[in-house]
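# Understanding the architecture of this molecule
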Amino acid sequence: LSLMELFNIPLPKELQHDTSGEVCFRPLNIDDVDKNFIAILSQLTNAPNISKSSFVEVFQKMRASGCYFIVVGEHLPSKQIVACATLLIEYKFIRGCGTAGHVEDVVVDKSMRGRNLGIKLIEALKFLAQNLGCYKLILDCSKDNASFYERCGLKVKELQMVIYFPQNERTSKL
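Counting starts from 1 at the beginning of each chain's written sequence and moves along it residue by residue. For a predicted model such as this one, the threshold for reporting local features is a pLDDT of at least 70, and the threshold for listing and counting side-chain atom pairs is 80 or more; totals across whole chains, interfaces and linings nevertheless cover every residue. Side-chain descriptors were evaluated using all non-hydrogen atoms of the structure, hydrogens and water having been removed beforehand.

## A word on the sheet that holds strand 1 (residues 23-27)
Convention followed: For two strands to be treated as a pair, DSSP must find at least two bridges joining them. Runs of E in the DSSP output that reach at least two residues are strands. Runs of H or I that reach at least four are helices, and both are numbered from the N terminus. Every axis corresponds to a line fitted to the C-alpha atoms, with the helix fit spanning only the stretch in contact, and the corresponding angles, defined between N-to-C directions, vary from 0 to 180 degrees.
As summarised here, the arrangement of the five strands in space is 1-2-3-4-5, forming an open sheet in which the pairing is mixed. Among the strands making up the open sheet, the edge pair consists of strand 1 and strand 5 (134-139). Ignoring which end each strand starts from, the neighbouring axes of this sheet average 20 degrees apart. The pairing of strand 1 with strand 2 (residues 68-75) spans five bridges and is antiparallel.

## Some words on helix 5 (residues 143-151)
Our working rule: Accessible area is worked out with a 1.4 Å probe on protein chains only. A residue is then buried under 20% of its type maximum, exposed over 50%, and partly exposed in between. Residue contacts follow a heavy-atom distance rule, with two residues in contact if any of their heavy atoms lie within 4.5 Å.
Taken as a whole, helix 5 has its buried residues at Ala146, Phe148 and Tyr149. Looking at the buried residues of helix 5, the elements they touch are strand 4 (99-108), helix 4 (117-131) and strand 5. Glycine 153 occupies a position one or two residues after helix 5 and carries a positive phi of about 100 degrees.

## What to know about the side chain of aspartate 32
As for its placement among the helices and strands, aspartate 32 is situated in the loop between strand 1 and helix 1 (37-41). Excluding residues that lie within four positions of it along the chain, aspartate 32 makes contacts with Arg26, Pro27, Phe37, Val72 and Ile81.

## As for the nonpolar core
Nonpolar side chains in soluble globular proteins tend to end up buried together. Cut-off, in case you're wondering: Throughout this description, the term nonpolar core refers to a set of buried Ala, Val, Leu, Ile, Met, Phe, Trp, Tyr and Cys residues connected via side-chain atoms within 4.5 Å.
Grouped together as the largest cluster of nonpolar side chains are 49 residues, with contacts concentrated most on Leu28, Phe37, Val71, Leu87, Ile122 and Leu128. Not counting residues within four places of it along the chain, the set of residues in contact with phenylalanine 37 comprises Leu28, Asp32, Phe55, Ile70, Val72, Ile81 and Cys84.

## A closer look at the packing of aromatic side chains
This is how it is decided: Stacked, tilted and edge-to-face are the three classes applied to pairs of Phe, Tyr and Trp rings, where Trp contributes its six-membered ring and a pair requires centres within 6.5 Å; stacked means planes under 30 degrees apart, edge-to-face means over 60, and tilted covers the rest.
Inspection of every chain in the model, using the stated rule, returns four aromatic pairs. Relative to tyrosine 149, the ring of phenylalanine 148 has its centre 4.9 Å away and its plane inclined at 75 degrees; by these criteria the two rings are edge-to-face. In textbook terms, an aromatic cluster arises when at least three aromatic residues are bridged by ring pairs, as seen for Phe37, Phe55 and Phe59.

## Notes on the pattern of salt bridges
Under the convention used in this document: Criterion for a salt bridge: a side-chain nitrogen of Lys or Arg within 4 Å of a carboxyl oxygen of Asp or Glu.
Evaluated as defined, the whole model comprises ten salt bridges. Where glutamate 22 meets arginine 115, a salt bridge forms, and the shortest distance between an N and an O atom there is 3.4 Å. Remark: arginine 115 occurs in the loop between strand 4 and helix 4 and glutamate 22 occurs in the segment before strand 1; sequence separation between them is 93 residues. Of the charged contacts in the structure, one is a salt bridge between aspartate 32 and arginine 26, with a shortest N-O distance of 2.7 Å.

Scope: geometric values only; no functional claims are made or implied.
Structural data, given as structure tokens:
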């Protein structure tokens, strides 16, 4: 695999590193499959191991769509992914055919929490959403996480609803 980023919008300098300089924030790279990316996601939700070819297939679909912006935090000393968050762009007919940004899959490695990495991730997604022309940025979260997102400048609004389709749950067979 070679250097292939999911997107090519540069983050501003102040969003490229944590205060220690040990964590670099950047777009997801196709090589991150070998840098603990799926293991980090498994700290958030069901994320079974997948093959490298499955990762590459989904990465390429995301890249081709132009709607996925995954920012990762790479711990430079270990060369491992220790944080990530996704911005998904939704095209709308309302708001003059505007776009809305959706925040998904925000997670920081348990060993790295308390270092403001999550705040940096949200700031990076806010930057991207604003620069991609989104009229709003929304996310769903648990009540336990609401105060974190409020500290990041988001507000509680309305109610989340969900229905799951267990028969469509994917395993690592992709």
